[in-house]
Amino acid sequence: MPNAKAYAASSATSPLAPITIARRDPTANDVQIEILFCGICHSDLHQVRNEWSGVMPTIYPCVPGHEIVGRVTKVGSGVTKFKAGDIAAVGCMVDSDGTCFECQQGLEQFCANATLTYNFPDKHTGGVTYGGYSDSVVVDQRFVLRVPSNLDLAGAAPLLCAGITTYSPLRHWGVTTGKKVGIVGLGGLGHMGVKLAHALGAHVVLFTTSPGKKDDALRLGADEVVLSRDANEVNKHAGSFDFILDAVSANHDIDSYINLLRRDGNITLVGAPEKPLSISAFNLIMRRRSFSGSPIGGIAETQEMLDFCGANNITADVEVIPIQKINEAYDRLLKADVKYRFSIDMASLKA
Ligand code: NAP
Ligand code: ZN
């Protein structure tokens, strides 16, 4: 098996450091990709620090990264979708059984036998999957996406998680022209939520804890910005939203947002904080409101999202960093100090 360069965490408390990992030789249906850019998702940080130990405990060494864009270097004999030299992308999943009810509906994210891009049993190597903080990856063609040629690659990488994770619930809950939509938290997911909801035609209100992000939010497509620590400002929107997307990475008062929904409004949680959130029964009952969660999106919908972004010229706002700055980037992510996604230039891994 060929070796690949990567960055890994060796425990929940150790910084990420260089490592050499084995990648499989491409089998008939595989696409081998030289990784050009990989976004840094807050999930990478949760996983590296084993903050989701109750649900998906971290196996070390852990090579994170599931916002991957690169160039195809080799394909297996059965690959029809890609050829060497093509630009290709990989998100949070690299496999699924392809036969179950969910897969047949194109909803691979709900397949009980799906394989996530990292920290999952790897049925090819018998080890664990390793993600995109690496110079290469080998993935079944079913899980490889096309990037519209007009999109900047560093900014396109975050679409593979932050983009689809916000696009999917916005579409599922019927966000379109005339709907009033709230986005909570202007981080990697939140800023994609603002751009996509705006492009879908909604009236977008951004809730942020960071006064310094107000002008950016308006530039990104928000119609209004509310400082979430100002209860008076928040409550002016009581009972008015069709849909709210909560993309906060830490514990916060989600109940105060439920109260902003109109009758039959929905709030969907995509943020995955470590600790449980508290919700008042009456806030939901009184206006028949609903509270949901949503994980990433299926492969067909991910391609639809990429094509939508191509047609609307949407990419993430990125700060491109060399891999050597990864630990500093994690510290800054925890302080909500990134505008609005780090994208690792993987050429730095060759240095
Ligand atoms: P991020 O870039 O770090 O953004 C999180 C934002 O949340 C921050 O920018 C900040 O926005 C806000 N925030 C942070 N701490 C807060 C606090 N204590 N109280 C209120 N607001 C706070 O993270 P991300 O990469 O967008 O990910 C967000 C969450 O989604 C993470 O938990 C991640 O694991 C999860 N996620 C879920 C899925 C899924 O499939 N459901 C996929 C990807 C990621 P302001 O500065 O504007 O307040
Ligand atoms: Zn992610």
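So, here's what we can say about the structure. (Residues numbered from 1 in each chain as written. Chains lettered and ligands numbered in written order. Predicted model: local features only at pLDDT ≥ 70, side-chain atom pairs only at ≥ 80, totals over all residues. Heavy atoms only, no water.)

1. Topic: the pattern of salt bridges
Our working rule: When a carboxyl oxygen of Asp or Glu is within 4 Å of a side-chain nitrogen of Lys or Arg, the pair counts as a salt bridge. Residue burial is assigned from relative accessible area. The probe radius is 1.4 Å, only protein chains are included, and a residue is buried under 20% of its type maximum, exposed over 50%, and partly exposed in between.
Summed over the entire model, instances satisfying the criterion amount to 17 salt bridges. Ionic pairing is found between Asp264 and Arg263, a salt bridge with its closest N-O pair at 2.9 Å. Asp264 gets classed as partly exposed once you look at its relative accessible area, which sits at 30%. A network of salt bridges, in which partner residues are shared, links Lys195, Asp216, Arg219, Asp317 and Lys339.

2. Observations concerning the site of ligand 1
The following threshold applies: Here a residue counts as near a molecule or strand whenever at least one of its heavy atoms sits within 4 Å of it. Residues adjacent in sequence count toward polar contacts only when both atoms are side-chain atoms; beyond that, a polar contact is any pair of N or O atoms within 3.5 Å, and within protein one must be able to donate a hydrogen and the other to accept it. For every accessible area listed, the method is Shrake-Rupley and the probe measures 1.4 Å; residues are considered covered only by the protein chains on display. Secondary structure elements are defined from DSSP: runs of H or I of at least 4 residues count as helices, runs of E of at least 2 residues count as strands, and each element is numbered from the N terminus. Classification convention: Asp, Glu, Lys, Arg as charged; Ala, Val, Leu, Ile, Met, Phe, Trp, Tyr, Cys, Pro as nonpolar; all other residues, Gly among them, as polar.
Surveying the vicinity of ligand 1 reveals 31 residues, the closest of which are His42, Thr208, Thr209, Ser210 and Arg341. In this structure, an oxygen atom belonging to ligand 1 sits 2.5 Å away from a side-chain N or O atom of Ser210. Its free accessible area being 920 Å², ligand 1 has 88% of it covered by the protein chains. The biggest single contributor to the shell around ligand 1 is helix α1 (residues 42–48), with 3 residues. For the shell around ligand 1, a count of residues per class yields 14 nonpolar, 15 polar and 2 charged.

3. Some thoughts on the packing of aromatic side chains
Selection rule: Note on aromatic pairs: the rings of Phe, Tyr and Trp (six-membered ring only in Trp) are paired at centre separations within 6.5 Å, and the planes decide the class, stacked below 30 degrees, edge-to-face beyond 60, tilted for the rest. A positively charged side chain is recorded as over a ring if its NZ (Lys) or CZ (Arg) lies within 6 Å of the ring centre. The angle to the ring normal must also be within 35 degrees.
Under the definition given, this model contains 3 aromatic pairs. When the ring of Phe207 is compared with that of Tyr257, the centres are 5.2 Å apart and the planes differ by 75 degrees; the resulting orientation is edge-to-face. Pair noted here: Phe207 is in strand β11 (residues 203–208) and Tyr257 is in helix α8 (residues 255–258), with a separation of 50 residues, a long-range link. Judged by relative accessible area, which is 1%, Phe207 ranks as buried. An aromatic cluster is present here, built from Phe207, Phe241 and Tyr257 joined pairwise through their rings. Above the ring of Phe82, the side-chain terminus of Arg146 is found at 4.6 Å from the ring centroid. In this arrangement the basic side chain of Lys180 is found over the ring face of Phe241, its NZ or CZ atom lying 4.6 Å from the centre.

4. Describing helix α4 (residues 162–172)
This is how it is decided: Working rule for contacts: check all heavy atoms of both residues, and any pair within 4.5 Å makes them a contact.
Here α4 lies mainly inside the structure; 9 of its 11 residues are buried. Of the residues making up α4, those classed as buried are Ala162, Gly163, Ile164, Thr165, Thr166, Tyr167, Ser168, Pro169 and Leu170. Considering only its buried residues, α4 is in contact with β10 (180–184), α5 (188–199), β13 (241–246), β14 (261–269), α10 (299–312) and β17 (341–345). Gly174 sits one or two residues past α4 and shows a positive phi near 70 degrees.

5. Some thoughts on unusual backbone geometry
The linkage connecting Tyr60 with the following residue, Pro61, adopts the cis geometry, with an omega of -5 degrees. In this structure, Pro61 sits in the loop between α1 and β4 (68–75). With a phi close to 55 degrees, Asn50 is a non-glycine residue in the positive phi region. By secondary structure assignment, the location of Asn50 is in the loop between α1 and β4.

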